[in-house]
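Understanding the architecture of this molecule
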Amino acid sequence: MADIRIAIIGFGKIARDQHIPAIAADPAFALVAVATRAGAEDAGVPVYRDYREMLASIRPDAVAICTPPGPRHAIARYCLEAGADALLEKPPGATLGEVADLAALASRLGRSLFTTWHAQFNAPVARAAEVVAREGLRALRIEWLEDVEKWHPGQDWIWQAGGFGVFDAGINALSIATRLAPAPLLVRSAELVMEARGQQPAAARLEMACADANGRIEAHMDWRHKGQERWTIAIETGAGTRLLLSDGGAMLQINDDSPIAGGAGEYPALYARFAELVATRRSHIDTEPLRIVADTLLLARRILP
Ligand code: NAP
C-alpha cells in the first residue's frame, strides 16, 4: 500500500495534465481527494469545494497545492497547521516574505515543505549542471517565447496584480539558470513590455551578472510570440563547450552532437523527491527564481502601452 495519502488543492490545467498522472504512476503516493471551488466530476476521488472541509474529513498526509500563487500562502499555512506535508507548485508564493513565513512554520511544526520548480527536474538539466560545475560558466542566453493564448487560455489571473505575467512561464527558465549558475544571478538591468489588458508584463528582457562568468547572461521572454514556441537556454562553459537546453529543459545538445532527452520526466522526478523529503522529514526550500523576478520588478524600466 502507498505510504503517502495525498490530496490536490486547485484542480486546473497543471493538476490535471501533470500531477494526476505523476501521482498515479508513483507507488509511494495514493491520491485520496481533490479540493476545487468549481467542483470536478472526473477526479475519480472525493471532491470538496472547500479545502478546509477536505482536510478535516480526509486528513491527508500531504497536499499538492496547484492553485495560482495568490492564495497559495494562506492555503499552505492552513494545511501545515492541519498536519499535512506540503508540495507547492511554482512559484511557491506571491512574495518572498510568504515563502519565508511558510519555511519557518514548516520547520517549527516539523513538517516537510517542498517549493517545486518542475523544470529543474528534467534529467538533461542535471546533466548540463554537471558540465557547468566541471567547466565553469562563461555565458548564458535564455529565450522563452510562447503564445499566451495557446498556453494560458482563459486564465485571467496571470494578468492581474500578483499574477506574474510573462514571468509565470519565464520563471521556469530562471529556475533552470539558477540550477546551472555557480553563484547568484544578479539582475543588472531589465525592460518590461506592459499591455493595456492587465497589471503584468507581456514580455521582458533581462541583463544579469554572475561572479566568475565574464560573458553575457541574458534573458528574453515574450508571450506575444506566434507559431512554434521556443524554450531554450544556450550556455557557453568556461572551457568553451556549447550546451543547448531546449523544449523547456527536456532536451540537451552538447556542441554539435545530436540532442538527447532521458530521465523519468520532470513531474515523476519531482514526486520521487517529495517522497524522499516526506520519508526523511525534511524540507526543500528554494526561492532563487522568485528572488530574480522580484529583483527585476524593482529595477525594470517599463515600456507602457
Ligand atoms: P489554472 O488552470 O487556472 O488552475 C488553477 C486552479 O486553482 C483552478 O482550477 C482553481 O480552481 C484553483 N483556484 C484558484 N484560486 C483558488 C483559491 N483562491 N482557492 C482555491 N483554489 C483556487 O492554473 P494552472 O495553469 O493549473 O496553474 C496553477 C499553478 O501551476 C500556477 O502557479 C502555475 O504557474 C503553475 N504551473 C502551470 C503550468 C501550466 O502549463 N499551466 C505548468 C507548470 C506550473 P477553482 O477555481 O475551481 O477552485
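The structure reproduced in this document is the subject of the present report. (Residues numbered from 1 in each chain as written. Predicted model: local features only at pLDDT ≥ 70, side-chain atom pairs only at ≥ 80, totals over all residues. Heavy atoms only, no water.)

Description of the environment of Ala-119
Condition: Put simply, DSSP H or I for four residues or longer makes a helix, DSSP E for two residues or longer makes a strand, and each gets a number counted from the N terminus. Each residue is placed in one exposure class: buried if its accessible area under a 1.4 Å probe, protein chains only, is under 20% of its type's maximum, exposed if it is over 50%, and partly exposed if it falls in between. Two residues qualify as a contact provided that any one of their heavy atoms is within 4.5 Å of a heavy atom in the partner residue.
Structurally, Ala-119 is set in the loop between strand 6 (113-115) and helix 5 (123-135). On the basis of relative accessibility, which here comes to 2%, the residue Ala-119 falls in the buried class. Sequence separation of Ala-119 and Pro-184 is 65 residues, and the distance between their C-alpha atoms is 18 Å. For Ala-119, the residues in contact, after removing those within four places along its chain, are Val-125, Asn-172, Ser-175, Ile-176, Gly-248 and Glu-266.

Comments concerning the pairing of strand 11 (residues 230-237)
Our working definition: Between any two strands, at least two bridges found by DSSP are needed for them to pair.
Pairing geometry for strand 7 (residues 137-145) and strand 11, over eight bridges, is antiparallel. Residue pairing across strands places Leu-140 opposite Ile-235, the latter belonging to strand 11. Taking the residues between adjacent antiparallel strands as the criterion, strand 11 and strand 12 (residues 242-246) are bridged by four residues, where Gly-240 takes a positive phi near 90°.

As for the site of the ligand
The condition is simple: Any residue with a heavy atom positioned within 4 Å of a molecule or strand is treated as near that molecule or strand. The definition of a polar contact used here is a pair of N or O atoms within 3.5 Å, where within protein one atom must be able to donate a hydrogen and the other to accept one, and adjacent residues in sequence count solely through side-chain atom pairs. The Shrake-Rupley method, run with a 1.4 Å probe sphere, supplies the accessible areas, and residue values consider only the shown protein chains as cover. Cavities and pockets were defined on a 1 Å grid built from protein atoms only: a cavity is a group of points that admits a 1.4 Å probe but offers it no way out, a pocket is an open group of points flanked by protein on both sides within 12 Å along at least five of seven lines, and a lining residue is one with an atom within 4 Å of any such point. Those molecules having more than half of their atoms within 2 Å of a cavity or pocket grid point set are described as sitting in that cavity or pocket.
Around the ligand there are 23 residues in total, and Thr-36, Arg-37, Ala-38, Lys-90 and Asp-168 lie nearest to it. In the environment of the ligand, an oxygen atom lies 3.4 Å from a nitrogen or oxygen atom belonging to the backbone of Phe-11. At a separation of 2.8 Å, an oxygen atom of the ligand approaches a polar backbone atom of Ala-38. Within the complex, 82% of the 870 Å² of free accessible area of the ligand lies under protein. At a threshold of 2 Å from the grid points, most atoms of the ligand map onto the largest pocket.

Quick notes on the side chain of His-220
The residue His-220 is located in strand 10 (residues 213-222) in this model. Here His-220 falls in the buried class, since its relative accessible area comes to 13%. Look past the residues within four positions of His-220 in its chain and what remains in contact with it is Arg-141, Ile-142, Glu-143, Trp-144, Leu-145, Ala-204 and Arg-205.

Here's the deal with the layout of surface pockets
Put simply, the rule reads: Grid points are joined across faces, edges and corners, and a volume is the space filled by probe spheres set on the points. All amino acids are sorted into three groups, where Ala, Val, Leu, Ile, Met, Phe, Trp, Tyr, Cys and Pro are nonpolar, Asp, Glu, Lys and Arg are charged, and the leftover types, Gly among them, are polar.
The computed volume of the largest pocket comes to approximately 1,300 Å³. Around the largest pocket sit 46 residues that line it, and Lys-13, Ile-14, Ala-15, Glu-89 and Gln-155 are the ones nearest its centre. Secondary structure elements with two or more residues in the lining of the largest pocket: helix 1 (13-25), helix 2 (51-58), helix 3 (72-81), helix 7 (167-180) and helix 8 (266-279). Per-element accounting of the lining of the largest pocket gives the leading share, five residues, to helix 1. Looking at the lining of the largest pocket, its residues break down into 21 nonpolar, twelve polar and 13 charged. If you add up the space inside the second largest pocket, you get close to 150 Å³. As for the second largest pocket, its lining consists of Gln-120, Phe-121, Asn-122, Ala-123, Ala-126, Arg-179, Gly-263, Ala-264, Gly-265, Ala-269 and His-284.

Quick word on helix 8
Cut-off, in case you're wondering: Given the number of residues in a helix, its expected span is that number minus one, multiplied by 1.5 Å.
Here helix 8 contains 14 residues, and its C-alpha end-to-end distance of 20 Å stays within 8% of the 20 Å for a straight helix at 1.5 Å per residue. Taken as a whole, helix 8 has its buried residues at Glu-266, Tyr-267, Leu-270, Tyr-271, Phe-274, Ala-275, Leu-277 and Val-278. In this structure, the buried side of helix 8 is in contact with strand 1 (4-9), helix 1, strand 2 (29-35), strand 4 (62-65), strand 5 (85-88) and strand 6. Following helix 8 by one or two positions, Arg-281 has its phi on the positive side, about 55°.

What to know about the side chain of His-73
For His-73, the location among the structural elements is in helix 3. By relative accessible area, His-73 is classed as buried at 19%. Discounting residues that sit within four places of it in the chain, His-73 has contacts with Glu-98, Asp-101 and Leu-102.

A look at the sheet that holds strand 13 (residues 251-254)
Keep this limit in mind: Fitted lines through C-alpha atoms serve as axes, helices being fitted only where they are in contact, and the angles separating the N-to-C directions of these axes extend from 0 to 180 degrees.
As summarised here, the arrangement of the eight strands in space is 13-12-11-7-10-9-8-14, forming an open sheet in which the pairing is mixed. Strands at the two margins of the open sheet, each flanked by one partner only, are strand 13 and strand 14 (301-303). Each strand of the sheet is rotated relative to its neighbour by a mean of 10°, with strand direction disregarded. Taken strand by strand, helix 5 contacts strand 7, strand 11, strand 12 and strand 13, and its axis lies near 160° from that of strand 12. Lying on the sheet, helix 7 is in contact with strand 7, strand 8 (186-194), strand 9 (201-210), strand 10, strand 11 and strand 12; it crosses strand 7 at an angle near 160°.

Description of the sheet that holds strand 1
Within the open sheet, the six strands sit side by side as 3-2-1-4-5-6. Their pairing is parallel. The open sheet has two edge strands with one neighbour each: strand 3 (47-48) and strand 6. Here strand 5 runs beside strand 6; their pairing, made up of three bridges, is parallel. Each residue of the ladder has a partner; that of Leu-88, found in strand 6, is Thr-115.

Quick notes on the pairing of strand 12
Of the two faces of strand 12, only the one carrying Leu-243 and Leu-245 is buried; Arg-242, Leu-244 and Ser-246 on the other face are not. Across four bridges, the pairing between strand 11 and strand 12 is antiparallel. Bridge pairing in strand 12 places Ala-234 opposite Leu-244.

Observations regarding the pattern of salt bridges
Should the charged atoms of two oppositely charged side chains come close, the side chains can pair. Filter applied, for reference: Every case where a carboxyl oxygen of Asp or Glu lies within 4 Å of a side-chain nitrogen of Lys or Arg is listed as a salt bridge.
By the definition in use, this model includes 23 salt bridges. Two residues, Glu-229 and Lys-150, come together in a salt bridge whose shortest N-O distance is 3.1 Å. Note that Glu-229 is positioned in the loop between strand 10 and strand 11 and Lys-150 in helix 6 (residues 148-151), a separation of 79 residues in sequence. Under the relative-accessibility criterion, Lys-150 is labelled partly exposed at 47%.

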